[in-house]
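Single-letter residue listing:
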Amino acid sequence: GGSAGARGGSAQGPAPAAKGATVLELDQADLETVLPAPGGRVLLVLGPHRGRAGTLAAVDTAAYAVSVDLEADPALGPEGVARRVHGVPYEHVCKLAPAGAAR
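Residues numbered from 1 in each chain as written. Predicted model: local features only at pLDDT ≥ 70, side-chain atom pairs only at ≥ 80, totals over all residues. Heavy atoms only, no water.

A. Region of interest: unusual backbone geometry. Even without glycine at this site, Tyr64 takes up a positive phi of about 50°. Within the fold, Tyr64 resides in the loop between strand 4 (53–60) and strand 5 (65–70). The exposure class of Tyr64 is partly exposed, given its relative accessible area of 40%. (Helix = DSSP H or I, 4+ residues; strand = E, 2+ residues; numbered from the N terminus. Buried < 20%, exposed > 50% of the residue type's maximum accessible area, 1.4 Å probe, protein only.)

This is the structure in structure tokens:
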């Protein structure tokens, strides 16, 4: 996986946790953006798709942005359809550990 330094931004309260996840409160200044390799799972933690999980589809290093294939979320109704979103800033995504990974 790759990593890039965070470029700033402001969090707007806690993002919903992935099912079964532990939630920690941290100052954003203490965090560094870590991206998985394309094909890795991510959680969107900021922006209009906040709380949605997906798969990293592509990285645009020139724009500090990624494309994510969002997983379907029936709880969101019509907004919860599976689809690809482009131009998502690095700091809006968080790498998800594989299921069963040590914590």
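That was the structure; now back to the text.
B. Representation of the sheet that holds strand 3 (residues 41–44) in the model. With antiparallel pairing, five strands are arranged side by side in an open sheet as 6-5-4-3-7. For this open sheet the edge positions go to strand 6 (83–89) and strand 7 (93–95), each flanked by a neighbour on one side alone. Strand-to-strand twist in this sheet, taken as the mean axis angle between neighbours without regard to direction, amounts to 45°. Pairing analysis gives five bridges linking strand 5 to strand 6, with the strands arranged antiparallel. When the bridges of strand 6 are listed, Ala65 appears paired with Pro89. (Pairing = 2+ DSSP bridges. Axes fitted to C-alpha atoms, helices over the stretch in contact; angles between N-to-C directions.)

C. Representation of the packing of aromatic side chains. Taken as a whole and assessed by the stated rule, the structure comprises one aromatic pair. Taken together, a centroid distance of 5.8 Å and an interplanar angle of 80° make the contact between Tyr64 and Tyr90 edge-to-face. In this pair, Tyr64 is assigned in the loop between strand 4 and strand 5 and Tyr90 in the loop between strand 6 and strand 7, connecting sequence segments 26 residues apart. (Phe/Tyr/Trp six-rings, centres within 6.5 Å; stacked < 30°, edge-to-face > 60°.)

D. Structural context of a nonpolar patch on the surface. Together, Leu24, Leu26 and Leu31 make up a nonpolar patch on the protein surface, roughly 330 Å² of accessible area in all. Positionally, Leu31 belongs in the loop between strand 1 (2–4) and strand 2 (33–35). (Patch = residues over 30% accessible without salt bridge, like charges linked within 9 Å, V, L, I, M, F, W, Y side chains within 5 Å. Areas by Shrake-Rupley, 256 points an atom, 1.4 Å probe, with all protein chains shown as cover. Salt bridge = Lys/Arg side-chain N within 4 Å of Asp/Glu carboxyl O.)

E. Molecular detail of the confidence of the model for the chain. Averaged over all residues, the pLDDT of the chain is 83; the fraction at 70 or higher stands at 79%. Element-level mean pLDDT values for the chain span from 43 in strand 1 up to 98 in strand 5. In this model, residues 1–11 is a region of pLDDT below 50 whose contacts with residues beyond four sequence positions or in other chains number 25 contacts. (pLDDT = per-residue confidence, 0-100. Contact = heavy atoms within 4.5 Å.)

F. Looking closely at the nonpolar core. Counting 11 residues, the largest nonpolar core consists of Leu35, Val42, Leu44, Leu56, Val66, Val68, Leu70, Val85, Val88, Tyr90 and Val93. Only strand 3, strand 5 and strand 6 provide two or more residues apiece to this core. Here this core takes three residues from strand 5, the largest share from any one element. With residues near it in sequence (within four places) discarded, Val88 still touches Leu44, Tyr64, Ala65, Val66 and Val93. (Core = buried A, V, L, I, M, F, W, Y, C linked by side-chain atoms within 4.5 Å.)

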